[in-house]
Amino acid sequence: MPRLLRACAQAIAPPTRLSPSAWAESNFYLSPEASAEPGLINLGRAPYQREMLNAVAETGIEDVVIMSSSQVGKSSMQLAVVGWLIDLHPGPIMWVAPTLEMAESTSKTRIAPMLRDSPVLTQKVASPNSRNSGNTLREKAFPGGQLTLVGSNSPAGLASRPIRVVVGDEVDRYDDSAGTEGDPVELVRKRTTTYWNRLHFWVSTPTIKDRSRIEKMWLVSDRRHFEVPCPHCGHRQDLKWDGVIYEGKGEINLSKQDVGEVFYRCENCAKDIPESAKTNLLNQGQWVARGTSNKVAGFHLNELYSPWKGWQDVARDYEAAKGDPLRMQVFVNTSLGLPYELDGQLKFPWENLEYRCEQSEYSAGQIPEGVLLLTAGVDIQGDRLECSVFGWGVGEECWLIRHEIIYGDPLQDDCWNDLELLLNHDYPHPLGGAIRVRKSAVDTGYHTQEVYRRGRNKPTWMLIKGVSGDRKLVSPATWQEINWMGKPIKRGVKLHSLGVDLLKQTLLGRCRVAMPGPKYLNLPKNVPQKYCQELAGSEVMMKKKNGATWRYVWQPVPGVRNEPLDCAVYAYAAAIFLGLTRFTDRHWEKMRNLLAVDLGDSRPNDPEKSLPESPPEKPKRKPRPPRRPFLGSYGGR
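The paragraphs below set out a description of the structure included in this document. Since this is a predicted model, take the numbers as computed values, not measurements. (Residues numbered from 1 in each chain as written. Predicted model: local features only at pLDDT ≥ 70, side-chain atom pairs only at ≥ 80, totals over all residues. Heavy atoms only, no water.)

1. Structural notes on the sheet that holds strand S11 (residues 244-245)
Strand order in the open sheet made by the three strands is S11-S12-S13, with antiparallel pairing throughout. At either end of the open sheet lies a strand with only one pairing partner, and these are S11 and strand S13 (272-274). Sheet analysis places strand S12 (residues 263-265) next to S13, joined by three bridges and oriented antiparallel. The residue of S13 that forms the bridge with Phe263 is Pro274. (Pairing = 2+ DSSP bridges. Helix = DSSP H or I, 4+ residues; strand = E, 2+ residues; numbered from the N terminus.)

2. Re the packing of helix H4 (residues 74-88) against helix H5 (residues 100-117)
Two numbers describe how H4 lies on H5: the axes approach to 11 Å, and their chain directions differ by 50 degrees. Considering their axes alone, H4 and H5 lie oblique with respect to each other. Crossing geometry of H4 relative to H5 is assigned as right-handed. When H4 is examined against H5, the residues Ser75, Gln78, Leu79, Val82 and Ile86 are found in contact with a partner set consisting of Arg110, Ile111, Met114 and Leu115. Per-class residue counts for the contact of H4 with H5 are six nonpolar, two polar and one charged. (Axes fitted to C-alpha atoms, helices over the stretch in contact; angles between N-to-C directions. Parallel < 35°, antiparallel > 145°, perpendicular 65-115°, else oblique. Left-handed = near helix turned anticlockwise from the far one by under 90°. Contact = heavy atoms within 4.5 Å. Nonpolar A, V, L, I, M, F, W, Y, C, P; charged D, E, K, R; others polar.)

3. A look at the environment of Asp242
With respect to the helices and strands, the residue Asp242 is situated in the loop between strand S10 (236-238) and S11. A relative accessible area of 69% means that Asp242 is categorised as exposed. Expressed as a C-alpha distance, the spacing of Asp242 and Tyr264, which sit 22 residues apart in the sequence, is 8.9 Å. (Buried < 20%, exposed > 50% of the residue type's maximum accessible area, 1.4 Å probe, protein only.)

4. Some details on the side chain of Asn27
Among the secondary structure elements, Asn27 is positioned in helix H2 (residues 20-27). Overall, the relative accessible area of 18% leaves Asn27 in the buried class. Residues in contact with Asn27, not counting those within four places in the same chain, are Leu40, Ser118 and Val120.

5. A look at the packing of aromatic side chains
For any two aromatic rings, the description comes down to two numbers: the centre-to-centre distance and the angle of the planes. According to the stated counting rule, one finds 13 aromatic pairs in the structure shown. Here Phe226 and Tyr305 contribute two aromatic rings whose centre-to-centre distance is 5.8 Å and whose plane-to-plane angle is 75 degrees, an arrangement assigned as edge-to-face. In this pair, Phe226 sits in strand S9 (residues 224-229) while Tyr305 sits in the loop between strand S15 (296-301) and helix H11 (311-321), placing the two residues 79 residues apart along the sequence. Tyr305 matches Phe226 in its accessibility class, with the two residues each being buried. Judged by centre distance (5.2 Å) and plane angle (85 degrees), the ring pair of Phe583 and Trp588 falls under edge-to-face. A residue is classified by how much of its surface remains accessible, and Phe583, at 10% relative accessible area, is buried. With a relative accessible area of 5%, Trp588 lands in the buried category. An aromatic cluster is present here, built from Tyr48, Phe226, Trp287, Phe299 and Tyr305 joined pairwise through their rings. (Phe/Tyr/Trp six-rings, centres within 6.5 Å; stacked < 30°, edge-to-face > 60°.)

6. Let's talk about the pattern of salt bridges
Per the stated rule, a full pass over the model turns up 33 salt bridges. Residue Arg189 pairs with Glu186 through a salt bridge whose shortest N-O separation is 3.9 Å. Taken together, the residues span about one helical turn, with Arg189 and Glu186 both in helix H8 (residues 184-190) at a distance of three residues. Of the charged contacts in the structure, one is a salt bridge between Asp317 and Lys309, with a shortest N-O distance of 2.9 Å. For Asp317, a relative accessible area of 32% gives the class partly exposed. Among the ionic contacts, a cluster of salt bridges with common partners joins Glu51, Glu58, Asp222 and Arg224. (Salt bridge = Lys/Arg side-chain N within 4 Å of Asp/Glu carboxyl O.)

7. Some words on helix H19 (residues 585-595)
By the burial criterion, the buried members of H19 are His587, Trp588, Met591 and Leu595. On an axial view of H19, the arc spanned by its buried residues comes to 100 degrees, and they lie on one face. What points out from H19, more than 90 degrees from its buried face, is the exposed set Asp585 and Arg586. Against the buried residues of H19 lie strand S18 (384-392) and strand S21 (434-435). (Arc of directions from axis to C-beta.)

8. So, unusual backbone geometry
The phi dihedral of Arg223 falls on the positive side, at around 50 degrees, and the residue is not glycine. Along the chain, Arg223 falls in the loop between helix H9 (213-219) and S9. Residue Arg223 is classed as partly exposed on the basis of its relative accessible area, which comes to 26%.

9. Re the packing of helix H16 (residues 500-510) against helix H18 (residues 563-578)
Packed helices, taken two at a time, are described by the angle between their axes plus the distance between the axes. At a closest axis distance of 10 Å, the pairing of H16 and H18 adopts a crossing angle of 100 degrees. Our classification of the angle between H16 and H18 gives roughly perpendicular. Facing Leu503, Lys504, Thr506, Leu507, Leu508 and Arg510 of H16, the residues of H18 in contact are Leu565, Asp566, Ala568, Val569, Tyr572, Ala573 and Ile576. For the contact of H16 with H18, the per-class residue count stands at nine nonpolar, one polar and three charged.

10. Digging into H5
With 18 residues, H5 ought to run about 26 Å at 1.5 Å a step, and its terminal C-alpha atoms sit 25 Å apart, in line with that. Approximately 40 degrees is the largest bend angle found in H5, and it occurs at Ser107. Three or more residues of H5 are buried, namely Ala103, Thr106, Ser107, Arg110, Ile111, Pro113, Met114 and Leu115. The inward-facing, buried residues of H5 contact H4, strand S4 (93-97), helix H6 (119-122), strand S5 (139-142), strand S6 (145-151) and strand S7 (165-169). (Expected span 1.5 Å × (residues − 1). Bend = angle between axes of the 7 residues up to and from the residue.)

11. Here's the deal with the pairing of S18
S18 sits mainly inside the fold: nine of its nine residues count as buried. Where burial is concerned, the two faces of S18 agree: the one with Arg384, Glu386, Ser388, Phe390 and Trp392 and the one with Leu385, Cys387, Val389 and Gly391 are both buried. The sheet contact formed by strand S17 (residues 373-380) and S18 spans eight bridges and is antiparallel. Counted as the bridge partner of Ala376 is Val389 from S18. Connecting S17 to the antiparallel partner S18 that follows it, the hairpin turn spans three residues. Where S18 meets strand S19 (residues 398-407), nine bridges bridge the pair, whose relative direction is antiparallel. Counterpart to Arg384 in the pairing with S19 is Tyr407. Following S18, the chain reverses through five residues before pairing antiparallel with S19; Gly395 in that reversal takes a positive phi of roughly 75 degrees.

Below, the structure written as structure tokens:
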């Protein structure tokens, strides 16, 4: 009887009034599959998480928006909120991931381990192995509600039932439309209309400025920043990248991994704060709202606050991203937690390229000392062939060696013979010996069958086909040639697909590097003005493609040809194929040592030996013995 009375008392007792942060510190266990620090969560490591968690229980708050970088504990906060709701405030919950596949992965790698390792949740949700447990891959049933996991691209899942709580994961990666139903964020909001205590918990790193969902949500919130006191003057401020100080910041650093000691300079007293003071800064920090909103709580945080990411590591990421717009966008989004500012139209001014020619110290056809690898790009036109030879050195610094236009009919031998002479030319190197083009990327978009025939048995040629859109820089080769019946030829030519949009963006982005050094584009003296105009002869627009997400769309500048840019892109792709992006200091030093031979040795250096060691070839298959001739059923008499 006493046990029965206690059970009845527990059944009718009101729920325990614990804040989300207090519940997490007592009941939420991090799993080894989802955290580098498994076990009971310790919010003392990241004190800023407490108010971010408790915001979901604030009176009148319907939306909690977290726009932040990576490495600040976003995933653990999402899981802690879900666990707190299951245990103390059950109801219908929906977890919305960018895609259905990501939702299923979240269920297996994050939700299931949390339910397994947190004892209070294990008692609420039955094991998936038990019969009629209600615990499936996309649904987790518990007393008083259920957790449903869907993808933003699944309109049926978003509009299937009324829900009280929405957990939006990486909302900036959602599709613009859930099928034909419209914006998935607004679609899922409609599911919570009937609940007076509805809650939306939105979390994401931002993407493009003015097109980022999480940025728009955060701008209409109360915009809270985590301010920490300066240990010297006590002035409170939020940590920004502009306040980070180290030797060589803002300059071209040849050794991008060596940034030295990193400090934070106070905006009030201008004294330097060492990283060793970060723990005390976080413990004394507090959230300060800079906006007004009664129903939306917004939080912004970057990696400078993260206890799992040092200031030196953030500085190294910045140094590695300088001069590369693609990497810089990743740094701004995932390290600073800010949307990347991108102009509606990107076009590099050709006048800056002409200025580089005036300041150059070498002439066309000469090999500067820093060049250790040569590649070429060949573009086919109806009445000519255009070829650019580029040199590459440490840090992916590049030099234009020459650009030639070979006039003639590409269907005749004369053009191709002249191209062979150009590609097989030996260039004297200042270190000694000679160097020649190691790989040539030849476009197959025009006179396709003729290019296939010419490049079939040339191992130094790389036949390519440009593909627009979000593609890899250089895709693996496939057998592409077809016969007159339209069927693939088994022993045809190898064709590589190039993501030309991404290659153009990367190459033109490096034209913005101001000082010679890593990723700088060098041009020789006396380059014609027309070449500079045509090298910058394409512009990129940010447009919506087929109503989907924003994409880069390249188009030529009106009235300007862009063959020099195409040739440069092809030469860059050939260098990537040879391993340019994977070369280390050891590889570059080996190339330099092989070139340092006696000046009297006229034999060209074999650059093949200067490339990284390739894996050993597989042993050839043992030939089969010849088959005996058929002699008939009577022994051949």
